[in-house]
Amino acid sequence: MILFDQVSKRYKGGNEALSNVNFHLHQGEMAFLTGHSGAGKSTLLKLIALIERTTTGNVIIGGKNLNKVSRHTLPYLRRNMGIIFQDYQLLYDRTVFDNVALPLIISGFSSSKVRKRVHAALDKVALLRFEKKYPVTLSGGEQQRVSIARAVVNKPALLLADEPTGNLDPDLSLEIMDLFMAFNQVGVTVLIASHDIPLIKQLGKRIVHLEHGQLLTADEN
Amino acid sequence: MASNSSSTENRVQLRQLRPSFSSRFKEFFIRHLQVFFYSLGLLSRTPFSTLLTAAALGIALALPAGLYVILDHAKQLSGDFDSINQISLFIKKGVSEKSISKLQKKLSTYPEIAQVKHINREDALKEFQENSGFGDALKALKDNPLPHLLIVYPSLTHNEPEQINQLLLDLKKLPDVDLVQLDIQWLQRLYAIINIAQRGILIIGSLLALAVLLIIGNTIRLAIENRRNEIVVMKLIGATDSFIRRPFLYTGFWYGLFGSLIAILLVNFSLMIISNPLAHLSSLYNNNKLFSLGLMGISSSLTLLLSGCILGLLGARMAVGKHLKEIEPK
């Protein structure tokens, strides 16, 4: 599903965020990406989401070499991944329902399908009763669940999360992680960047460790 | 490795994700309609600033439109004079009525001339006595001081100023003719002034159209700036450029529409203000019919609306094309 082949990323100004990373995540697999701040976790995720491009090497997602994806076809690729951020990235002038519906509207689904899917997604994160509320009125954990609902509403094959529990207390963090585990159980490939080592060790999934842009553990189970 | 099998699985899922073509086609129009009114809704959230921008656009559009309407009327006015071009031939004293009617017949055969009317000196005197108010004084005259008069109407095919000048020269050469008179100079001047005014309006119009583009472009740029976050999120969840562009383009359209509506109001209001003094002025010239300004016609109003909307879309397109590319997720 995700294949990094000798990938290096050097930002303008010279610091090498990733150097010669080889890494493979199978379809349906779930893995955690750990490392100190600045170790390259975010860069790795950004390369997958095509927010950044590799300096050298290839990233292949679902058989598609991202070096060959043009600006024009990039949106269609992103529709097949759900991306979750530490700061939720919700639209605060729209209701929970409208936030979650956005990916479906972008893809051009009919209103009836949009409603059905949004309800299903909100149901999965246990927020159906909040659909008419605005995100500001929700707690951090609830907002993160809204962003997860938005990420999965399109039924993507791949979920990416960058420090999804970074702003949450331990109980809520576990709740969020359980959600990811549940999506993984129904076949979604999940890659989560997190530095909450105690939490992720508890979950028993593969852990990929990055340090100074280099991959230390790349065991494929 | 396993990438082959995983990619086919992935594609199977991809197909499930996509709505059908007909659904997407239908949704495309529904979404357009929704965005059309959504952008209107966004504008109505900030009615005051929307009104200010629309008023600025309205003034910029009203100026050339108003000038155009006035010029259009002036042109019609000069058109009216075209048809009443006439040349007066004052006949020398002592020329017999017989040779005058011969001359009249001869002139009638000229291709440049449509019609020749003879005004008898006796008739002219009578008319003068009746109309001038000097009737009694004139009766005291022994002799009729007025000459015979031939009025020549140039044919419509020979109505251009140069052709009329040539005809004047020809008529002056006639032996029986004392004086040839045509008040054409002021008409030529009017033509020249209208020509200059037309160019002037073209220049003012182009400059103000540019101003409209810039106003709308800048307004849209600010709107984009205000919604930078939203654009980033949309891009992250797979919105195409055209999807993100759409509400801004419609916003530009609405600004153009409101601006031109305000312009139509301004122009008609100004016309109403001018029309009374203008009617008074033309009544002083003893001619009520000639110069009256009505309201803007339907076709010029529609032209103004259409140009407003097109300028709005264009200005928005320019701003969006330039600024959306700069906003990328980081």
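The structure displayed is predicted, hence computed values, not measured ones.

K.L.:
What should I look at first to understand the overall build of chain A in this one?
P.N.:
A count of helices and strands for chain A gives 7 helices and 10 strands. Taken over C-alpha atoms, the radius of gyration comes to 17 Å for chain A, in line with the 17 Å a tight globule of 221 residues would show. The burial tally for chain A puts 59% of its 221 residues in the buried class. Taking the intrachain contacts of chain A between residues at least 6 apart in sequence as the baseline, contacts between residues at least 24 apart amount to 69%. Summed over its atoms, the accessible surface of chain A is roughly 9200 Å², and 51% of this surface lies on carbon and sulfur atoms. Mean positive and mean negative side-chain charge positions of chain A (26 and 20 charges, respectively) differ by 11 Å.

K.L.:
What am I meant to see in the nonpolar core here?
P.N.:
In a soluble, globular protein the nonpolar side chains are often hidden away together inside. Ranked by internal contacts, the top residues of the largest apolar core, which has 83 residues, are Ile2, Phe4, Phe23, Leu44, Ile48 and Leu191 of chain A. Top contributing element to this core by residue count: helix α10 (residues 241-284) of chain B, with 13 residues. Residues contacting leucine 44 of chain A, with those up to four places away along its chain left out, are Phe4, Leu18, Val21, Phe23, Leu33, Leu191 and Leu210 of chain A. Within the second largest apolar cluster, 40 residues are counted, among which are Val96, Phe97, Val118 and Phe183 of chain A.

K.L.:
What's the story with the pattern of salt bridges in this structure? I'm lost.
P.N.:
Where side chains of opposite charge bring their charged atoms close, a pairing between them can arise. Residues and elements named next belong to chain B. Summed over all chains, the structure comprises 13 salt bridges over all chains. Note that glutamate 230 and arginine 227 form a salt bridge whose closest N and O atoms lie 2.9 Å from each other. There is no split in this pair, since glutamate 230 and arginine 227 are both buried. The salt bridge partner of lysine 322 is glutamate 326, with a shortest N-O separation of 3.6 Å. A residue is classified by how much of its surface remains accessible, and lysine 322, at 52% relative accessible area, is exposed.

K.L.:
Is there a simple way to explain the confidence of the model for chain B in this structure?
P.N.:
Low pLDDT marks stretches whose predicted atomic positions should not be read closely. Residues and elements named next belong to chain B. In this model, chain B carries an average pLDDT of 81, and 85% of its residues clear a pLDDT of 70 or more. Summarising per-element confidence for chain B, the mean pLDDT is lowest in helix α1 (residues 3-17) (44) and highest in helix α11 (residues 298-323) (93). The low-confidence segment residues 1-16 (pLDDT under 50) makes 18 contacts with residues lying over four places distant or belonging to another chain.

K.L.:
I tried to follow unusual backbone geometry on my own but got confused; where do I start?
P.N.:
With the exception of glycine, most residues fall at negative phi, and the peptide bonds are largely trans. All names here are of chain A. In this structure, glutamine 89 is a non-glycine residue whose phi angle is positive, near 55°. Mapped onto the elements, glutamine 89 comes out in the loop between β6 (81-84) and α3 (96-107). Positive phi, close to 50°, is recorded for histidine 212, a residue that is not glycine. Along the polypeptide, histidine 212 turns up in the loop between β9 (206-211) and β10 (214-217).

K.L.:
Would you mind going over the domain arrangement of chain B with me for this structure?
P.N.:
By a frequent convention, interface size equals the accessible area lost on bringing the separate parts together. Each assigned domain of chain B is listed with its residue range as follows: domain 1 (31-80 + 189-323) and domain 2 (86-183). On a C-alpha basis, the centroid separation for the pair domain 1 of chain B and domain 2 of chain B is 53 Å.

K.L.:
What exactly am I supposed to notice about the interface of chain B and chain A here?
P.N.:
Counting residues at the interface gives 35 residues for chain B and 36 residues for chain A. Summed over both sides, the interface between chain B and chain A buries roughly 3200 Å², with carbon and sulfur atoms accounting for 56% of that surface. If you look at where chain B meets chain A, you find 4 salt bridges. At the boundary of chain B and chain A, one finds 7 residue pairs in polar contact (both at pLDDT 80 or more). At the level of secondary structure, the elements contributing two or more residues to the side of chain B that touches chain A comprise α1, α2 (21-45), α9 (228-236) and α10 of chain B. Among the elements that line the side of chain B that touches chain A, the one with the most residues is α1 of chain B, at 8 residues. Residue composition of the side of chain B that touches chain A, by class: 13 nonpolar, 9 polar and 13 charged.

K.L.:
What am I meant to see in the sheet that holds strand β5 (residues 64-65) of chain A here?
P.N.:
All names here are of chain A. Strand order across the open sheet formed by 4 strands is β2-β1-β4-β5, with antiparallel pairing between neighbours. Across the chains shown, the open sheet's two edge strands, defined by having one partner strand only, are β2 (16-25) and β5. The strands that helix α1 (residues 41-48) touches are β1 (2-10), β2 and β4 (56-61); relative to β1, the one it contacts most, it runs at about 120°.

K.L.:
Explain the packing of aromatic side chains here, please?
P.N.:
How two aromatic rings sit relative to each other is given by the distance of their centres and the angle of their planes. All names here are of chain B. Scanning all chains against the criterion turns up 7 aromatic pairs over all chains. An angle of 45° between the planes, with centres 5.7 Å apart, marks the rings of phenylalanine 36 and phenylalanine 253 as tilted. Of this pair, phenylalanine 36 sits in helix α2 while phenylalanine 253 sits in helix α10, and the two are 217 residues apart along the sequence. Ring geometry for phenylalanine 253 versus tryptophan 254: centroids 5.6 Å apart, planes at 75°, classification edge-to-face. Looking at phenylalanine 253, the relative accessible area reads 18%, which means it is buried. Residue classification places tryptophan 254 among the buried residues on the basis of a relative accessible area of 7%. Members of the aromatic cluster, each reached through a chain of ring pairs, are Phe36, Phe37, Tyr250, Phe253, Trp254 and Phe258.

K.L.:
Help me understand a negative patch on the surface, please; the structure alone is not making it clear to me.
P.N.:
Residue and element names in this part refer to chain B. Together, Glu97, Glu122, Asp123, Glu127 and Glu130 give the surface a local cluster of negative charge. Among the elements that line the negative patch, the one with the most residues is helix α5 (residues 121-132), at 4 residues. With respect to the helices and strands, glutamate 122 occurs in helix α5. A relative accessible area of 44% places glutamate 122 in the partly exposed class.

K.L.:
Would you take a moment to explain the sheet that holds strand β4 (residues 177-181) of chain B for this structure?
P.N.:
In a beta sheet, neighbouring strands pair by backbone hydrogen bonds and run either parallel or antiparallel. Residues and elements named next belong to chain B. Reading across the sheet, the 4 strands line up as β2-β3-β1-β4 and stay open at both edges, with antiparallel pairing between neighbours. In this open sheet, the two edge strands, each paired with only one partner strand, are β2 (113-119) and β4. Strand after strand, the sheet turns through a mean of 20° between neighbouring axes, direction not considered. Docked against the sheet, helix α4 (residues 97-108) engages β1 (87-91), β2, β3 (149-154) and β4, running at close to 165° with respect to β2. Along the sheet face, helix α7 (residues 161-172) touches β1, β2, β3 and β4 and points at about 5° away from the line of β1.

Rules used in this analysis
- Residues numbered from 1 in each chain as written.
- Chains lettered and ligands numbered in written order.
- Predicted model: local features only at pLDDT ≥ 70, side-chain atom pairs only at ≥ 80, totals over all residues.
- Heavy atoms only, no water.
- Helix = DSSP H or I, 4+ residues; strand = E, 2+ residues; numbered from the N terminus.
- Rg over C-alpha atoms; globule rule 2.2 N^0.38 Å.
- Buried < 20%, exposed > 50% of the residue type's maximum accessible area, 1.4 Å probe, protein only.
- Contact = heavy atoms within 4.5 Å.
- Areas by Shrake-Rupley, 256 points an atom, 1.4 Å probe, with all protein chains shown as cover.
- Lys, Arg positive; Asp, Glu negative; His and termini not counted.
- Charge placed at Lys NZ, Arg CZ, Asp CG, Glu CD.
- Core = buried A, V, L, I, M, F, W, Y, C linked by side-chain atoms within 4.5 Å.
- Salt bridge = Lys/Arg side-chain N within 4 Å of Asp/Glu carboxyl O.
- pLDDT = per-residue confidence, 0-100.
- Domains from an automatic or database assignment.
- Buried area = accessible area lost by both parts, 1.4 Å probe.
- Polar contact = N/O pair within 3.5 Å; in protein donor to acceptor, adjacent residues only side chain to side chain.
- Nonpolar A, V, L, I, M, F, W, Y, C, P; charged D, E, K, R; others polar.
- Pairing = 2+ DSSP bridges.
- Axes fitted to C-alpha atoms, helices over the stretch in contact; angles between N-to-C directions.
- Phe/Tyr/Trp six-rings, centres within 6.5 Å; stacked < 30°, edge-to-face > 60°.
- Patch = residues over 30% accessible without salt bridge, like charges linked within 9 Å, V, L, I, M, F, W, Y side chains within 5 Å.

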